[in-house]
2 protein chains.
Amino acid sequence: MASETGKQDEVLEKAREKFRNFLGTKGLRITNQRLAILDACFRMEKHFIAEQLLEVAREIDRSVSRATVYRSLPILTESGLVREIDVGRDHKFYMADRGRGSNRVQVVCVNCDKIFELDAPFLEWYANSASQKVGLKAESIRLQVLARCDGHRCDNCTGDNMQENAPHKHEH
Amino acid sequence: MASETGKQDEVLEKAREKFRNFLGTKGLRITNQRLAILDACFRMEKHFIAEQLLEVAREIDRSVSRATVYRSLPILTESGLVREIDVGRDHKFYMADRGRGSNRVQVVCVNCDKIFELDAPFLEWYANSASQKVGLKAESIRLQVLARCDGHRCDNCTGDNMQENAPHKHEH
DNA sequence: ATAACTGCAAACTGTTTGCAAGCGA
DNA sequence: TCGCTTGCAAACAGTTTGCAGTTAT
């Protein structure tokens, strides 16, 4: 448990440093609110929406406002520290990027709204291939499956939320 | 050209019939507005948004209102006559389903907002495989590539819109 | 010092909804 | 006739923005 916590701290420390660097490079200022929002992102184990982020960020710094959360999310996304995951539901989801990269499939349960993620290494190659076919240059890719737990509720519904994926290898 | 038009009429006639059947089966009523909206969908060559659909539907039946368009789209989608394509931009896009099925990739140009579509037959298999891994049952899948025309504008930007795809075979 | 940043509240945008009137079966 | 459908306008939800005060550099 101690080593777990230590590992998380290390991840957070790296993220903070990367964020400071990013802000510096871009000529943006390092503010308490931005740091609080970054920390909040990494406190979340799973995918989160802006409103939840606001809540957690406020636990860290009372002064954080909704507007600042919304203004910070694009910055965090651009810095690569946070991934935006739009599954076409009501809200956009976000998730701290803990180094898994973005070649992933999201399996979204339409019953419980939870998001599972799986690795899909072939995605990058595929994006390039498809873009080239129409004369464009790939920038990002998104592969999502809407699915449901037929009748019985899925593990995720009943138990707690382990949607923070299990990597798998099969890529055909 | 005559044969082209003839073919389109045939497609439309089939769509109307399918729609009538669907409505009947579901105990929904066949109204002029719903028929006008269906026709409008098939008048659009490319992807469209609700507002554009309203405009065209009104050319067919002056009385069609925005509310009815929004209320009809889910019905049309459920009937399989129209596909909903959410690319995570501001609007949702829709497109009449002319029998190509839904195993397709969308390549979205971030410069001109146009959507190219390509066949991706492996998608269905992949959706099932991924869903199974997390214990769910696949319902629909979505594969999208955001891309840009690096520097020069893409064919689609300059010319007219041929985003109504070119099928391709490569599926690895 | 000064330009970037912030919170607040109002504005926006696409979509949904309540309601009374209309109309298909 | 009966109740599903409709148009209208108001409501909604998530997000963005203008502004005046605050703060990092």
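Conventions and cut-offs
The residue count restarts for each chain, going from 1 along the sequence in the order it is written. Going through the entries in the order they are written, you letter the chains from A and number the ligands from 1. It should be noted that, the model being predicted, local features are given only for residues of pLDDT at least 70 and side-chain atom pairs only at 80 or more, the latter also being counted only at that level, while totals for whole chains, interfaces and linings use all residues. Each side-chain value is worked out from all heavy atoms of the structure, with water and hydrogens disregarded. Here the copies are superposed with least squares, the fitted atoms being C-alpha atoms of residues at a pLDDT of at least 70 in both. Any two residues whose heavy atoms approach within 4.5 Å at even a single point are treated as in contact. Being paired, for any two strands, means DSSP has found at least two bridges between them. A helix here means a DSSP run of H or I that spans at least four residues, while a strand means a run of E at least two residues long, and both kinds are numbered starting from the N terminus. Geometry is summarised by axes, namely lines fitted to C-alpha atoms with helices restricted to the contacting stretch, and by angles between N-to-C directions that run from 0 to 180 degrees. Proximity is defined per residue: if any heavy atom of the residue lies within 4 Å of a molecule or strand, that residue is considered near it. In protein, a polar contact requires one atom able to donate a hydrogen and another able to accept it; more generally it is a pair of N or O atoms within 3.5 Å, and residues adjacent in sequence count only if both atoms are side-chain atoms. Roughly parallel refers to an angle under 35 degrees, roughly antiparallel to one over 145, roughly perpendicular to one between 65 and 115, and oblique to any angle outside these ranges. When the near helix sits turned anticlockwise from the far one by under a right angle, the crossing is termed left-handed; a clockwise turn instead gives a right-handed crossing. Any residue that is not Ala, Val, Leu, Ile, Met, Phe, Trp, Tyr, Cys, Pro, Asp, Glu, Lys or Arg is counted as polar, Gly included; the first ten are nonpolar and the last four charged. Only protein chains enter the accessibility calculation, which uses a 1.4 Å probe; a residue is then buried when its area is under 20% of its type maximum, exposed when over 50%, and partly exposed in between. Charge counting treats Lys and Arg as positive and Asp and Glu as negative, with His and both chain ends excluded. Here, a salt bridge means any side-chain nitrogen of Lys or Arg that lies within 4 Å of a carboxyl oxygen of Asp or Glu.

**Notes on the relation of the copies chain A and chain B**
Inference 1: For the pair chain A and chain B, the relating rotation is 180°, the translation along its axis is 0.0 Å, and the fit reaches an RMSD of 0.0 Å. What the superposition gives is, in effect, a two-fold axis relating one chain to the other. For chain A, the smallest separation between a C-alpha atom and the rotation axis is recorded for Leu143 of chain A, amounting to 2.2 Å.
Inference 2: A shared interface surface links the copies, since 98% of the contact residues of chain A are contact residues in chain B too.

**Quick word on the sheet that holds strand β3 (residues 104–109) of chain B**
Inference 1: An order of β4(A)-β3(A)-β5(A)-β5(B)-β3(B)-β4(B) is seen for the six strands of this open sheet, with the pairing classed as mixed. At either end of the open sheet lies a strand with only one pairing partner, and these are β4 (115–119) of chain A together with β4 (115–119) of chain B. Direction aside, neighbouring strands of the sheet carry axes that sit 25° apart on average.
Inference 2: Sitting on the sheet, helix α5 (residues 122–133) of chain A is in contact with β3 (104–109) and β5 (137–148) of chain A together with β3, β4 and β5 (137–148) of chain B, with an inclination near 120° to β5 of chain A.
Inference 3: Contacts from helix α5 (residues 122–133) of chain B reach β3, β4 and β5 of chain A together with β3 and β5 of chain B within the one sheet, and its direction differs from that of β5 of chain B by about 120°.

**Focus on the protein's contact with DNA strand C**
Inference 1: Near DNA strand C there are 20 residues, and of these Arg29, Ser63, Ser65 and Thr68 of chain A together with Tyr70 of chain B occur at the shortest range.
Inference 2: Here DNA strand C approaches the protein such that, of its atoms within 4 Å, sugar and phosphate make up 68%.
Inference 3: Take Thr31 of chain A: an N or O atom from its side chain is 2.7 Å from a phosphate oxygen of DNA strand C.
Inference 4: Contacts to DNA strand C include Arg29 of chain B, whose side-chain N or O atom sits 3.1 Å from a base nitrogen.
Inference 5: Where the surface near DNA strand C is concerned, the elements lending two or more residues are α2 (32–43) and α4 (66–79) of chain A together with α4 (66–79) of chain B.
Inference 6: Here the surface near DNA strand C takes four residues from α4 of chain B, the largest share from any one element.

**A look at the packing of helix α2 (residues 32–43) of chain B against α4 of chain B**
Residue and element names in this part refer to chain B.
Inference 1: Running from amino to carboxyl end, α2 crosses α4 at an angle of 70°, the nearest separation of the two axes being 10 Å. In terms of orientation, α2 and α4 fall into the roughly perpendicular class. As for how α2 packs across α4, the hand of that crossing is right-handed. Note on element contacts: α4 touches α2 through Thr68, Val69, Ser72, Ile75 and Leu76, opposite Gln33, Arg34, Ile37, Leu38 and Cys41.
Inference 2: Classifying every residue of the contact of α2 with α4 by side-chain character gives six nonpolar, three polar and one charged.

**A few points about the side chain of Asp86 of chain A**
Inference 1: Here Asp86 of chain A shows up in the loop between β1 (82–85) and β2 (93–96).
Inference 2: With no salt bridge to any partner, buried Asp86 of chain A finds its closest opposite charge in Arg142 of chain A, at an N-O distance of 4.1 Å.
Inference 3: In contact with Asp86 of chain A, not counting residues within four places along its chain, are Lys92, Arg142 and Gln144 of chain A together with Gly88 and Arg142 of chain B.

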